[in-house]
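An overview of the molecular structure
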Amino acid sequence: MSCQKAALELNTGSQPGPKSPERTEDVTAFEDYGTGLLENQLSVCDFVKIQKAFESPEPRKIICMSREDFTQKMTEIVGWGTKEEYGELFDKVDVAQDGFINWEKLTSFILLELNKQDERAKATVVPQWKDLEFLPVKHKDNIQKVIFLKSSSHYLTISKEGLLAIWGENLKLQETFPITSDATKLKHLWVTSLVSLENVNKIAVAFTSKEICFYDLLSKEEFACQYKLQGLKGTPICMDYWYDPLDANESILSFGDITGKVQAIAFTAALISLFERPASACEDGEATMTINWAELLSGCHKCCDILEHKLHQGDWVRQVTYNASLDAIISSTTSNTNSVVLAWREKSKKHLHMTSFNIAQGIHAFDYHARLNLIATAGINNKVCLWNPYVVSKPVGVLWGHSASVIAVQFFVERKQLFSFSKDKVLRLWDIQHQLSIQRIACSFPESQDFRCLFHFDEAHGRLFISFNNRLALLAMKSDASKRVKSHEKAVTCVLYNSILKQPFQCEEDTNEDYDN
């Protein structure tokens, strides 16, 4: 089947894995959860009645009720429900077993329960997708990276031959530029990675010429090269960039190379300058400044520090990222020894302490969820493993279901779900809490035993990009109408604003009543 006729197969019924049987329908696991519980059946009017029961005629006096008082008064005031049900509610609220509750304790419990229900609902919502679409790219070689520039609302894609493509937020191709290195004019000079330095309006591109070039997005000349970092001992093949949202001067560029070395440049004055310009340098602000890696190691540039380790010992570093919540650099290889290495920054911020996971057959990729404190790994052995970063002995969970090597994983952060993509072009979405596959999508790409795949989920826009060599496919989420907040059940026909009360008034169809919003 050709790329032009690529099809998307949504299978609501999936094959079970070896240990955890997969769900047979895309339904919410908690659809009927807790519907019979008393606290989930109380209406707003009921809560108003309960609040009045806790109100005291004396100001600042807090009314507390014992279990017996609460069950007796609630059955009388609310008008429905048994004493046993209100007794169970009392016991849930009185976690500390003080023997009494007040209005604050009750509302805190209700809000907590509502929050838990909301989290459970989000975790089991199965996204609906539009038809798979292939974007009209001009890349002739493997696509190496897809990034989104928040500052300009543009997407950038770059391919191995050095062609940089600029896309509008509507995913219309706007321009293409050849990104090359002037250091060497090698026939097989390749681009290996691309990152966006959002805080300083730059991009960094890594080349097989063992250099990293920094391009200024605000330059008069389009994509003018501002810095060239040369003299690296190994070819950088993966990069990551992080900056502190509270202090944009603090940022870290991390990269891994083909020798197994992980290196990072910690910038301390990024908004002023990434590197110090020598006194002998040309005054022309548009001129390219060349920095040698040996200079950085020697400490000549006071505005940045160097961190590095060699724990991967000769294996290609396939992925690297710095995570601020862990204050650690995470990297991975396809080796079964030191498959994932966490390089923790010590108090001085200039030294690293390493821990590692040994994973059978190694992994292709990983992702980290800060709120869940979980690392997900894409196993060559067809398994997706979930790890606590502080427990290296064994994973806290294993997701079964893929029948081929898993080549990409990425968390759906807001919903606390996980995407995984395998070499047989099957995409799965997992419910992390229950470790179940809740969706399976089979993508029909051209038949090929050897292909380069890029997987990138833009959560903010609900767009999933999957590349197959030089082809780029888009899987876009349908808008979720259920998330829209509605103040009226019927169409709103009139809206007026009262300047005295400073309130809007709205009117629905088929009614003469005004509703205060």
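Residues numbered from 1 in each chain as written. Predicted model: local features only at pLDDT ≥ 70, side-chain atom pairs only at ≥ 80, totals over all residues. Heavy atoms only, no water.

**So, the overall build of the chain**
Condition: Only runs of H or I of at least four residues qualify as helices and only runs of E of at least two qualify as strands under DSSP, and these elements are numbered from the N terminus. Relative accessibility thresholds used throughout: buried, under 20% of the residue-type maximum; exposed, over 50%; partly exposed, between the two (1.4 Å probe, protein chains only). Residue contacts are defined here by distance: any two heavy atoms, one from each residue, within 4.5 Å place the two residues in contact. Accessible surface area values rest on a Shrake-Rupley calculation with a 1.4 Å probe, where residue burial reflects the displayed protein chains alone.
Along the backbone of the chain there are five helices and 35 strands. The 517 residues of the chain split such that 48% are buried. Taking contacts inside the chain between residues at least 6 apart in sequence as the whole, the part at least 24 apart equals 49%. Of the roughly 26600 Å² of accessible surface on the chain, 49% is carried by carbon and sulfur atoms.

**Considerations on the sheet that holds strand β8 (residues 173–178)**
Condition: Strands are treated as partners if at least two bridges between them are detected by DSSP. Angles run from 0 to 180 degrees between N-to-C directions of axes, and those axes are lines fitted to C-alpha atoms, restricted for helices to the stretch in contact.
If you trace the four strands from one edge of the open sheet to the other, you get β5-β6-β7-β8, paired in antiparallel fashion. Across the chains shown, the open sheet's two edge strands, defined by having one partner strand only, are β5 (143–149) and β8. When the angles between neighbouring strand axes are averaged without regard to direction, this sheet yields 20°. Pairing geometry for strand β6 (residues 154–159) and strand β7 (residues 163–167), over four bridges, is antiparallel. Bridging across to β7, T157 finds its partner in A165.

**A few points about the state of the cysteines**
In plain terms, the rule: Defined by distance alone, a disulfide is two cysteine sulfur atoms within 2.5 Å.
Per the counting criterion, the structure on display carries zero disulfides. There is no disulfide at C304, and the cysteine sulfur nearest it, in C303, is 4.7 Å away. Residue C304 is classed as buried on the basis of its relative accessible area of 4%.

**Some words on the pairing of strand β19 (residues 328–332)**
Taking burial as the measure, the five residues of β19 include five buried ones, the bulk of the element. The side-chain alternation of β19 yields two buried faces, one formed by A328, I330 and S332 and the other by I329 and S331. Sheet topology places strand β18 (residues 319–323) next to β19; five bridges connect them, and they run antiparallel. Each residue of the ladder has a partner; that of Q319, found in β19, is S332.

**Considerations on the packing of aromatic side chains**
Quick reminder of the rule: Stacked, tilted and edge-to-face are the three classes applied to pairs of Phe, Tyr and Trp rings, where Trp contributes its six-membered ring and a pair requires centres within 6.5 Å; stacked means planes under 30 degrees apart, edge-to-face means over 60, and tilted covers the rest. Definition used: whenever NZ (Lys) or CZ (Arg) falls within 6 Å of the ring centre and also within 35 degrees of the ring normal, the charge is taken to sit over that ring.
A full pass over the atoms with the stated rule returns 21 aromatic pairs. A ring pair is formed by W344 and Y390, whose centres lie 5.2 Å apart and whose planes are at 25°; its orientation type is stacked. Within this pair, whereas W344 is found in strand β20 (residues 340–345), its partner Y390 is found in the loop between β24 (384–387) and β25 (397–399), the two being separated by 46 residues in sequence. Through a chain of ring-to-ring contacts, three or more aromatic side chains come together here, namely W129, F412, F419, F421, F455 and F457. Positioned over the ring face of F100 is K105, at 4.6 Å from the centre of the ring.

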